[in-house]
Structure formats: C-alpha cells, structure tokens
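Examination of the molecular architecture
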Amino acid sequence: METPREQGHAQRNQQERPVAVVTGGAGGIGTAICRALAREGMRVVVGYNKSVDAARALVESLPGEGHAALSAPVTDSTALLLSQEQLARATVFAMC
C-alpha cells in the first residue's frame, strides 16, 4: 500500500505527463494515433462527435492512466471554446 507521500508523488507525475488531444480519436486512424501516443507515455484526450461509446471504450483500453473522452465536434466552435482549458494543456493536437 502506498503512503500518502508516494500517492502525492504519483499524482504529480501523472499531471506532468504530456497531453495529446486527438479529434476523431474514436474511429479509424484516430484510434491508431491514440494508441500510439498512449504507448509513448502521453495522456490522451479522445475527442469525439457522436461516438461516445467507442470513445469511452478506447479510453478504457489505452495503456497507462489519465486518459479521457471529450465531446468535441470540430464543426462547433462553441463546444471547442468550452473545452479551451483542457485543450490549452495539450502538447500534441491531432485532427483526424
């Protein structure tokens, strides 16, 4: 069992990992990109438009922790603005 200090260290390491946002990440080439980025140690945000179930399933299957699914229809600028805080932390941004 981890001590509180070890848990805090693990949490800081988790937050310091680079973040990749992949729009269209729930299908086709986007899924392959998400998997590759997760294998490289990045936290991956799987952006989806209508494929919420596929996005959530992908997040659960990715190696590592800290991944998330985000409703981000790229045709809806309002939705993207609402996600601006999450997107601002991205190291990699891929549109698929």
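Residues numbered from 1 in each chain as written. Predicted model: local features only at pLDDT ≥ 70, side-chain atom pairs only at ≥ 80, totals over all residues. Heavy atoms only, no water.

1. As for the confidence of the model for the protein
Low pLDDT marks regions whose predicted coordinates should not be analysed in detail. Rules: The predictor rates its confidence in each residue with pLDDT, a number between 0 and 100. The contact criterion used is simple: two residues touch if any of their non-hydrogen atoms lie within 4.5 Å.
Looking at the protein as a whole, its pLDDT mean stands at 80, while 70% of the residues score no less than 70. Note on residues 2-12: pLDDT under 50 across the span, and two contacts to partners over four residues away in sequence or across chains.

2. Describing the sheet that holds strand 2 (residues 43-48)
Applied cut-off: The pairing criterion is simple: DSSP has to find at least two bridges between the two strands. Under the scheme used here, helices are H or I runs from DSSP no shorter than 4 residues and strands are E runs no shorter than 2 residues, and both carry numbers assigned from the N terminus. The axes used here are C-alpha line fits, helices contributing only the stretch in contact, and every angle between their N-to-C directions lies in the interval 0 to 180 degrees.
Read from one edge to the other, the open sheet built from four strands follows the order 3-2-1-4, with strand pairing classed as parallel. Here the strands that pair on one side only, and so sit at the sheet edges, are strand 3 (68-71) and strand 4 (90-95). Averaged over neighbouring strand pairs, the angle between their axes works out to 20° when direction is ignored. Across the sheet, helix 2 (residues 29-39) lies against strand 1 (19-23), strand 2 and strand 4, angled at about 175° from strand 1, the strand it touches most. On top of the sheet, helix 3 (residues 52-61) reaches strand 2 and strand 3; it is set at about 170° to strand 2, its chief contact.

3. Some thoughts on helix 3
To be explicit about the condition: Buried residues are those whose accessible area, probed at 1.4 Å on protein chains only, stays under 20% of the maximum for their type, while exposed residues exceed 50% and partly exposed ones sit between those limits. Throughout, the arc means that of the directions going from the helix axis to the C-beta atoms.
Those residues of helix 3 lying buried are A55, L58 and V59. Along the long axis of helix 3, the arc covered by the buried residues comes to 100°, so they all point the same way. With respect to the buried face of helix 3, the exposed residues turned more than 90 degrees away are D53, R56 and E60. The inward-facing, buried residues of helix 3 contact helix 2, strand 2 and strand 3.

4. Focus on the side chain of R17
Operational definition: Note that His is not counted, nor are the chain ends; the positive residues are Lys and Arg, and the negative ones are Asp and Glu. Take a side-chain nitrogen of Lys or Arg and a carboxyl oxygen of Asp or Glu: if they are within 4 Å of each other, that pair is a salt bridge. We define a polar contact as two N or O atoms separated by no more than 3.5 Å, with the added condition that, inside protein, one atom must be a possible hydrogen donor and the other a possible acceptor, whereas residues neighbouring each other in sequence contribute only through side-chain atom pairs.
Along the chain, R17 falls in the loop between helix 1 (4-16) and strand 1. Salt bridges are absent for the buried R17, whose nearest opposite-charge side chain, E65, sits at 6.3 Å. A distance of 2.8 Å separates a polar atom in the side chain of R17 from the backbone oxygen of G41. Within the structure, the side chain of R17 is placed 2.8 Å from the backbone oxygen of E65, a separation counted as a polar contact. Excluding anything up to four places from it in sequence, R17 contacts G41, M42, R43, E65 and H67.

5. As for the pairing of strand 1
Note the threshold: The path from the first strand over the helix to the second decides the hand: if it runs clockwise while the strands point away from the viewer, the crossover is right-handed.
Most of strand 1 is tucked away: five of the five residues are buried. Judged by which residues are buried, strand 1 turns out to be covered on both faces: V19, V21 and T23 on one side and A20 and V22 on the other are all buried. In this structure, strand 1 lies alongside strand 2, joined through five bridges in parallel fashion. Paired with T23 across the strands is G47, a residue of strand 2. Crossover strand 1 to strand 2 through helix 2 is right-handed. Alignment of strand 1 against strand 4, held across five bridges, turns out to be parallel. Opposite V21, over in strand 4, you have F93 as the bridge partner.

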